[in-house]
Amino acid sequence: MAHPPGDGYQHGSAGSATRDIVRDNVLPVTMPDGYTMQVYSDTTSLPGASAFCFQTNAASLSPPGDPSSTLEAAPDQHPTSLLPWNVAELAVAESGAGYIGVWPTGIVWIPANVAGGNRALITYQRVRVNPWVTPATCTVIGQGVAEYAYPGTSAAMAHGIVATRLADDLFPDATCS
């Protein structure tokens with residue numbers, strides 16, 4: 001389903017290559033250089049979505065003082081997945097039986113002067129979603145944590161904002177949010 005600007009979904013900046021990327025939910029965190037990293041849940045390019053242009057998460061950067069401008073690596077105008085699917089999760093999406101949502105639930109910047117710092121920690125929820133049944137089903141698999149070592153804006157734009165998933169199922173009996 002296509003969502004036009006003004007629909008309540010987050011869109012890329014007007015005139016940008018990512019203008020037609022839509023995503024729900026947004027979690028911001030300020031990076032050391034003053035840029036804001038915005039982390040999103042379900043993300044797709046318009047028009048329409050498939051397993052190959054749909055991610056269950058993404059991230060962008062906004063310059064200091066300009067939160068409505070979003071910068072991100074978007075090869076072929078498709079967003080980069082912040083928390084990429086693992087092999088098993090990709091197989092679910094390719095099977096046509098729904099997908100595993102890897103949805104960010106929180107983000108915090110750990111400063112360099114703190115032991116183990118100079119990175120963002122991202123919590124996420126893994127949910128098996130089947131939108132092809134009525135009503136759609138949503139089954140929680142677990143919650144996890146990932147880290148992202150911010151290399152600076154230039155490197156983030158050149159390589160995409162991709163975090164490392166550290167543990168997928170820290171809280172396996174969590175409820176769906």
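A. Just the sheet that holds strand E10 (residues 137-148), in detail. The four strands lie next to each other as E8-E9-E10-E11, forming an open sheet whose pairing is antiparallel. Each of the sheet's edge strands pairs with one partner strand only, and the pair in question is strand E8 (99-110) and strand E11 (164-167). Within this sheet the neighbouring strands show an average axis-to-axis angle of 35 degrees, counted without direction. As defined by bridge partners, strand E9 (residues 119-130) adjoins E10 across eleven bridges and the pair is classed as antiparallel. Each residue of the ladder has a partner; that of leucine 121, found in E10, is glutamate 147. Across the sheet, helix H1 (residues 87-95) is in contact with E8, E9 and E11; its angle to E8 comes to roughly 135 degrees.

B. Representation of the pattern of salt bridges within the structure. Throughout the structure, instances matching the rule amount to five salt bridges. Between arginine 126 and aspartate 169 there is a salt bridge, with the nearest N and O atoms lying 2.9 Å from each other. One end of the pair, arginine 126, is in strand E9; the other, aspartate 169, is in the segment after E11, and 43 residues separate them in sequence. Look at arginine 126 and you get buried, because its relative accessible area is 9%. Arginine 165 serves as the salt-bridge partner of aspartate 168, at 2.9 Å between the closest nitrogen and oxygen. On the accessibility criterion, aspartate 168 (21% relative accessible area) is partly exposed. Using a relative accessible area of 19% as the deciding quantity, one classes arginine 165 as buried.

C. Summary view of unusual backbone geometry. Here the amide bond leading from threonine 134 into proline 135 is cis, since omega sits at -5 degrees, within 30 degrees of zero. With respect to the element layout, proline 135 can be found in the loop between E9 and E10. Not every positive phi belongs to a glycine, and asparagine 118 is a case in point at roughly 65 degrees. Inspection of the secondary structure puts asparagine 118 in the loop between E8 and E9. Classification of asparagine 118 as partly exposed rests on a relative accessible area of 42%.

D. Quick peek at the sheet that holds strand E4 (residues 36-40). Pairing within the open sheet is antiparallel, and its three strands lie in the order E3-E4-E7. Single-partner strands in this sheet number two, and they are strand E3 (26-30) and strand E7 (58-62). Neighbour-to-neighbour, the strand axes of the sheet open up by a mean angle of 25 degrees, direction not taken into account.

E. Fine view of H1. Listed as buried for H1 are Glu89, Val92 and Ala93. The buried residues of H1 all sit within an arc of 95 degrees when viewed along its axis, so they share a single face. In H1, those exposed residues whose orientation departs by more than 90 degrees from the buried face are Val87, Ala88 and Ser95. Lining the buried residues of H1 we find E8, E9 and E11. Glycine 96 occupies a position one or two residues after H1 and carries a positive phi of about 80 degrees.

Calculation rules
Residues numbered from 1 in each chain as written. Predicted model: local features only at pLDDT ≥ 70, side-chain atom pairs only at ≥ 80, totals over all residues. Heavy atoms only, no water. Pairing = 2+ DSSP bridges. Helix = DSSP H or I, 4+ residues; strand = E, 2+ residues; numbered from the N terminus. Axes fitted to C-alpha atoms, helices over the stretch in contact; angles between N-to-C directions. Contact = heavy atoms within 4.5 Å. Salt bridge = Lys/Arg side-chain N within 4 Å of Asp/Glu carboxyl O. Buried < 20%, exposed > 50% of the residue type's maximum accessible area, 1.4 Å probe, protein only. Arc of directions from axis to C-beta.

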